[in-house]
Amino acid sequence: MKEELATRYEPSQFEQRIYAFWEAGGYFTPVADPDKPKFSIVIPPPNVTGRLHIGHALVNTLQDIIVRWKRMSGFNTLWVPGTDHAGIATQMVVERQLAKEGISRFDLGREKFVERVWQWKEQHSTEIKDQLTRLGASADWSRERFTLDEGLSRAVRYVFVKLYQDGLIYRDLAMVNWCPQCRTAISDIEVEYRERHGKLYHIDYPVEGTDRRLTVATTRPETMLGDTGVAVHPEDERYQDLIGRNAILPIANRPIPIVGDPILVDRAFGTGVVKVTPAHDKNDYEAGLRNGLPQMQVIAEDGRMTDAAGPDFAGLDRFEARKKVVELLREQGSLVKIEEHLHNVGVHGKCETDIEPMISRQWFVKIEPLAAPAIEAVRSGAVQIIPQSWEATYFNWMENIHDWTISRQLWWGHRIPAFHCPNGHTTVTMDEPVTCPECGAPVTQETDVLDTWFSSGLWPFSTLGWQGEGHDDDPDYKTFYPTDTLITGFDILFFWVARMIMMGLRFTGRAPFSQVFLNGLVRDEQGQKMSKSKGNVIDPLDVVNEVGADALRFTLAVAASGRDIPLGKSRIQGYSAFVNKIWNASRFAMMHIDTELRDAKPIDRDRLATVERWILSRLNTVTLEVNKQLSLFRFDEAANALYQFFWHEFCDWYIEMAKPVLLGKHGSDEGRALAKRVLLEVLDRSLRLLHPFMPFVTEEIWLKLGGVEPAIIIAPYPVPESDLEDPDAERLTDAVKAIITTVRNVRAERGFTPKDRFTLYVRGNTPRESNFFRENAYLLTELARLNEVAVEAEPPAGTHHDVVEGFHIAIAFPEKVVSQEQLDRVRREIEKSENELASIESRLGNEQFTRNAPPHIVQAAQARQAELKARLEKLQQNQ
Ligand SMILES: [Zn+2]
Ligand SMILES: [Zn+2]
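These notes cover the structure that comes with them. This one's a predicted model, so the numbers in the text were calculated from it and none came from an experiment. (Residues numbered from 1 in each chain as written. Chains lettered and ligands numbered in written order. Predicted model: local features only at pLDDT ≥ 70, side-chain atom pairs only at ≥ 80, totals over all residues. Heavy atoms only, no water.)

### Focus: the overall build of the protein chain
Link 1 in the chain: A count of helical and extended segments in the protein chain gives 27 helices and 29 strands.
Link 2 in the chain: Projected onto its principal axes, the C-alpha positions of the protein chain cover 115 × 65 × 55 Å.
Link 3 in the chain: The burial tally for the protein chain puts 55% of its 879 residues in the buried class.
Link 4 in the chain: The contacts in the protein chain between residues at least 6 apart in sequence include a share of 77% that link residues at least 24 apart.
Link 5 in the chain: For the protein chain, the accessible surface area stands at approximately 38,400 Å², while carbon and sulfur atoms represent 48% of it.
Link 6 in the chain: Both charge centroids of the protein chain, one from 103 positive and one from 126 negative side chains, sit 3 Å from each other. (Helix = DSSP H or I, 4+ residues; strand = E, 2+ residues; numbered from the N terminus. Buried < 20%, exposed > 50% of the residue type's maximum accessible area, 1.4 Å probe, protein only. Contact = heavy atoms within 4.5 Å. Areas by Shrake-Rupley, 256 points an atom, 1.4 Å probe, with all protein chains shown as cover. Lys, Arg positive; Asp, Glu negative; His and termini not counted. Charge placed at Lys NZ, Arg CZ, Asp CG, Glu CD.)

### A few points about the nonpolar core
Link 1 in the chain: Ranked by internal contacts, the top residues of the largest apolar core, which has 204 residues, are Y394, F454, F554, F635 and F693.
Link 2 in the chain: No other element matches helix 19 (residues 635–662), which puts 18 residues into this core.
Link 3 in the chain: Once you skip the residues sitting within four places of it in the chain, F693 turns out to touch I65, D550, R553, F554, A557, V626, L630, F635, A638, A639, L642 and Y717.
Link 4 in the chain: Counting 30 residues, the second largest nonpolar core, distinct from the first, contains V207, I299, M305 and L335. (Core = buried A, V, L, I, M, F, W, Y, C linked by side-chain atoms within 4.5 Å.)

### Topic: the coordination of the zinc ion (ligand 2)
Link 1 in the chain: Summarising the metal site, the zinc ion (ligand 2) is bound by the protein donors C421 (SG), H425 (ND1), C436 (SG) and C439 (SG), whose distances to it range over 2.1 to 2.3 Å.
Link 2 in the chain: One way to put it: the four donor atoms around the zinc ion (ligand 2) meet at angles of 106 to 116°, and that makes the site tetrahedral.
Link 3 in the chain: For the zinc ion (ligand 2), the single-chain donor residues occur in sequence as C-x3-H-x10-C-x2-C.
Link 4 in the chain: By relative accessible area, C421 is classed as buried at 7%. (Donors = N, O, S within 2.8 Å, 3.2 Å for Na, K, Ca; no water. Tetrahedral: all angles 85-135°; square planar, octahedral: opposite > 155°, others 65-115°.)

### A word on the sheet that holds strand 19 (residues 426–428)
Link 1 in the chain: Reading across the sheet, the three strands line up as 19-18-20 and stay open at both edges, with antiparallel pairing between neighbours. In this open sheet, the two edge strands, each paired with only one partner strand, are strand 19 and strand 20 (444–445).
Link 2 in the chain: Pairing analysis gives two bridges linking strand 18 (residues 418–420) to strand 20, with the strands arranged antiparallel. Pairing of H420 across the sheet is with T444, part of strand 20. (Pairing = 2+ DSSP bridges.)

### Describing the coordination of the zinc ion (ligand 1)
Link 1 in the chain: Distances from the zinc ion (ligand 1) to its protein donors, C179 (SG), C182 (SG), H348 (ND1) and C351 (SG), fall within 2.0 to 2.3 Å.
Link 2 in the chain: Taken together, the four donor atoms coordinating the zinc ion (ligand 1) and their angles of 102 to 116° define a geometry best described as tetrahedral.

### Quick notes on unusual backbone geometry
Link 1 in the chain: P387 follows I386 through a cis peptide bond whose omega is -5°.
Link 2 in the chain: Structurally, P387 is set in the loop between strand 15 (384–386) and helix 10 (390–399).
Link 3 in the chain: In the segment running from Y481 into P482, the intervening peptide bond is cis, with an omega of -5°.
Link 4 in the chain: Although it is not a glycine, R183 adopts a positive phi angle of roughly 55°.
Link 5 in the chain: Along the chain, R183 falls in the loop between strand 5 (169–179) and strand 6 (184–186).
Link 6 in the chain: For R183, a relative accessible area of 35% translates into the label partly exposed.

### Details of the packing of aromatic side chains
Link 1 in the chain: Applying the stated criterion to the full structure yields 43 aromatic pairs.
Link 2 in the chain: Where F461 meets W466, the ring centres are 5.1 Å apart and the plane angle is 85°; that geometry is what we call edge-to-face.
Link 3 in the chain: Relative accessible area serves as the criterion here: at 0%, F461 is assigned to the buried category.
Link 4 in the chain: With relative accessibility at 1%, the residue W466 sits in the buried group. (Phe/Tyr/Trp six-rings, centres within 6.5 Å; stacked < 30°, edge-to-face > 60°.)

### Here's the deal with the sheet that holds strand 8 (residues 213–218)
Link 1 in the chain: The antiparallel open sheet is built from three strands, whose spatial order is 8-7-13. Looking at which strands have only one partner, the edges of the open sheet turn out to be strand 8 and strand 13 (335–348). Neighbouring strand axes in the sheet, compared pairwise and without regard to direction, differ in orientation by 20° on average.
Link 2 in the chain: In this structure, strand 7 (residues 191–206) lies alongside strand 13, joined through 13 bridges in antiparallel fashion. (Axes fitted to C-alpha atoms, helices over the stretch in contact; angles between N-to-C directions.)

### A word on the pattern of salt bridges
Link 1 in the chain: Overall, the coordinates contain 59 salt bridges when judged by the stated rule.
Link 2 in the chain: Of the charged contacts in the structure, one is a salt bridge between D166 and K162, with a shortest N-O distance of 3.3 Å.
Link 3 in the chain: A residue is classified by how much of its surface remains accessible, and K162, at 24% relative accessible area, is partly exposed.
Link 4 in the chain: For R171, the salt bridge is made with E446, and the minimal N-O distance between the two is 3.5 Å. Note that R171 is positioned in strand 5 and E446 in the loop between strand 20 and strand 21 (449–450), a separation of 275 residues in sequence.
Link 5 in the chain: For R171, a relative accessible area of 34% puts it in the partly exposed group.
Link 6 in the chain: Note on E446: relative accessible area 4%, which makes it buried.
Link 7 in the chain: Sharing partners across several salt bridges, the network here consists of R220, E222, R318, R322 and E356. (Salt bridge = Lys/Arg side-chain N within 4 Å of Asp/Glu carboxyl O.)

### Notes on the side chain of S455
Link 1 in the chain: Its location among the elements puts S455 in helix 11 (residues 452–456).
Link 2 in the chain: Judged by relative accessible area, which is 3%, S455 ranks as buried.
Link 3 in the chain: Within the local environment of S455, its side chain forms a polar contact with the backbone oxygen of T452, the two atoms lying 3.0 Å apart.
Link 4 in the chain: Contact partners of S455, with chain neighbours within four places excluded, come to H85, T147, V156 and H414. (Polar contact = N/O pair within 3.5 Å; in protein donor to acceptor, adjacent residues only side chain to side chain.)

Nothing here speaks to function; it is all geometry.
Now the structure itself:
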C-alpha cells in the first residue's frame, strides 16, 4: 500500500531512520558463498585519528555508488570497512595530548604509552563509522577491521617472517630519511618537498702545503663539521694536480683528503669543487663509500650536534649551529660570500620538520623481486589502472624503485618479530623464542615497529581472514578474494596500491583486485587546495546536516572527473534543488498512480500513446548510458545523464504532457489507466537508477510507494531492453516539443502574453504523421496555450511561418495591432535575454570556468549563448 510523502523534502526527518532500516534488514551483510557471483571491495582504511574530510566523502561516495549498483545488479556484494592504526599520525596525536599534561612518552615508558594509545583508540574508534553512516556508506560493519586486530597482526607477522626467510628482508646500516621531531626513519615517499628561500654559503678551504684555496658552496654550512673529504672531477684541469693532497677544514682545522669523483662532481656547476659529508647527505654517503672516506656523525637523532662536532657545538640545535658556523667562518675570513638561493627542502609531511639524512641500522624489504611481477600484472592487464594515464607513472616509479625502509622508531604499531641476543644473534620466527636458539642466551624483542603501510599492504586479504599459508581457508577469503575493484585517491598510488599489488601477488599468487580507479583531489571553486588557513574547507558533515547526504553525494559524483575536482557550496545547493525536484515530482506522481498496478502484467506497449512510448524509449537510453558509464567509472557522465533525463525530460516534459490525461481532461478511461502505469513505471525505474547516487531519498520514496520488493537497496537495477527503443516516437515527440517551444518563443518575441491564444497550423509529411498531429493536437493546445490546432488546413495570409524539425507550421496571430503594452513586453524580453547573455558570456570569458567545468557544461553554455543571440535578433525585429 502506498503512503503519502511528506509535503516538504526534509532529509533530517528520515536519513538516519533509513540507514537503521538497512542495517536491521542485513542488506550490507552478504553470506560467504563461493558459488554465487560476487563483487567485493575494501575501503581505503582511514586513519583511526581521523575526522572525515571532503576527500574521504568523495572516495567513499564513489565506492558506495559502485557497491549499491553491483548489489542491485544481483551480485553477492561485500564492502569491507575498517581503519588504519596509522603509526606516526596516531602516536603524534597522543603525544600532543601528553604534552598538554606536561609529560612525554619517554616519561610514561613504552608499555604505558601504548596502553594510552589504545585507550584513545577505543574512545574514538566509532567516530569514523558514525561519519560514514551519515554519508550512507553501505559497508558491512559486521566485518569491520582494524590493522592491529589479532588476525591482521598474525598476517603481518607471517609475511615478515616469510620475507625474512626468503632473504627479502634484511637489516643494514644505510642512509635514511630521519625526522628529528618524530625521532624515526621514514620512507622516501613520506618525504615532501617545500620550496624555500634559503642561502648559499661559499666557503674557502685552504690546500695543505700550498697557498691555494678551494671554494665550496653549501646550503647547510653546519654539516661541514662532519666533512671528511673534498671532491673534484678527475678530468678537471684546474684541480687535477691537487688530487691526493689534503685540504684544511676551516674551524675544525682538520686535514681532509681531496679526491677525484666523476659521479659526485659536475665540473660545469659552480666552482667544480664539492665538500663531502658522508654521514649527512645521500649523495655524499655513496661518494664516501666509493672513495673510502669515513663517516662522521655530527648531528644526533634529536637534531642536536654531537660531541664529534667539537666542544663549541656539542648539544646545540642544528639550526643554532648553522648560525655559529657562519659567524666563526666570517671571523676567520673563510666566508667568501652568501647568496640568496631558492631551493627545495625535504620535510616530513606529517610534522613539517626538515629531514636529516642519517646513517642508521634499519630493516629493509628488498623490493625488486616483488616489483617485477607487479609491473607485469599491470602490463598484462591483470590489473587495470583507470584512468589509464596513471599507468606510465606507475611503471616509471616501479622500474626505479628503491628498497623499502620498513622499520620505524615508534612505539605504536606492529613490533618487528625479531629477537636479539647479547651475542649478536637475531632470530625471526612466528613464535616468540625464550632463549637464543644459537647460544641459549636470553633474548629481547626488536624495539622498532613496522611502517604502517606494511600492514595496509596486506589489507585486501588480511581483512578477509587470510593469516598465512595453511591459514587461508576462511570462507570469506575463499568467497571474496581477490576483490574486484579498488577506489582510492591517486596520491596513495605508491604508498598503498603498488604495495598491495606486490604483496598480493607474492603471498596469494593473485593480484588483490582487477581494477583500480584513482579519483582526483577535491579543491575549492577557484581550484585552490582546501586548507584550514585559507578558510575554504568544506566539512562534509556540515553539508549533510544542512542539505542532506544525497545532495552532497550527487554533487561529488557529478564533479568526480579529472585530477582536480572543484567544489563549492553553490554547486551543492544546485543539486540540492534537484533532490527537491525528485521529491516533488514523486509526490505529484503518487497522487495519480495506483501502486497496486505494480504487480500487474507487463504493459501492452501497442496500446500506448506516442509520448508514452517516447518517455519509455528515453528512459531506456538513459538506463543503457548509466550502466555503461558506471562500468567505465565515469560517475560524472552517469549522474549527468540521470539529471538531464529526470529533470528536463521526465519533469519538464513528460509529466506536463501526461497531465491532461491523468486529470481526465483528455482521452478514455483506458488511456488514463495506461498513463498511470507509464508514470509509475518511469518513476519506479528512475528511482532505482538514482538509488546508488541518492540512496536515502530514493529509499524513502520507494518505501512510501509500496510494492513488490521490500527495499529499493535490493531491488533489481534496471537494464536496457531493446524493445523499448522507439526512434519514431522520439522523432515525433521531439517535433511536438520543438513546436511548443517555437510557439512560446514567437509569442514572447511579438509581445503577446500567455493569455493571448491563437491557431496553429501544422502539416505532416505523410498521412500517418498528419494523423499523429490530429491525435496529439490536445498536447499542443494545452502546452502551447492555443485556441486550436488545424492539421493539413491552409493558413490565412499574413501568418508567421516556420519549419520546425522538418515540419511546416504557421501561427495565426490576431490582427497585428501593436500596442504600447506589447512593445513594452518585447523590450522587457530583450532586456531579460541581454542580461542572461551577458552573464553567460562572462562565464565563458572566465578561464577558470572553461578550464575546470565539465565539457558538457561548457558546451551547454555555448549552445545557450548561440540561442540567446538568435532570439535577440528576432526580438529586435519586432521592436
Ligand atoms: Zn616528523
Ligand atoms: Zn645468541
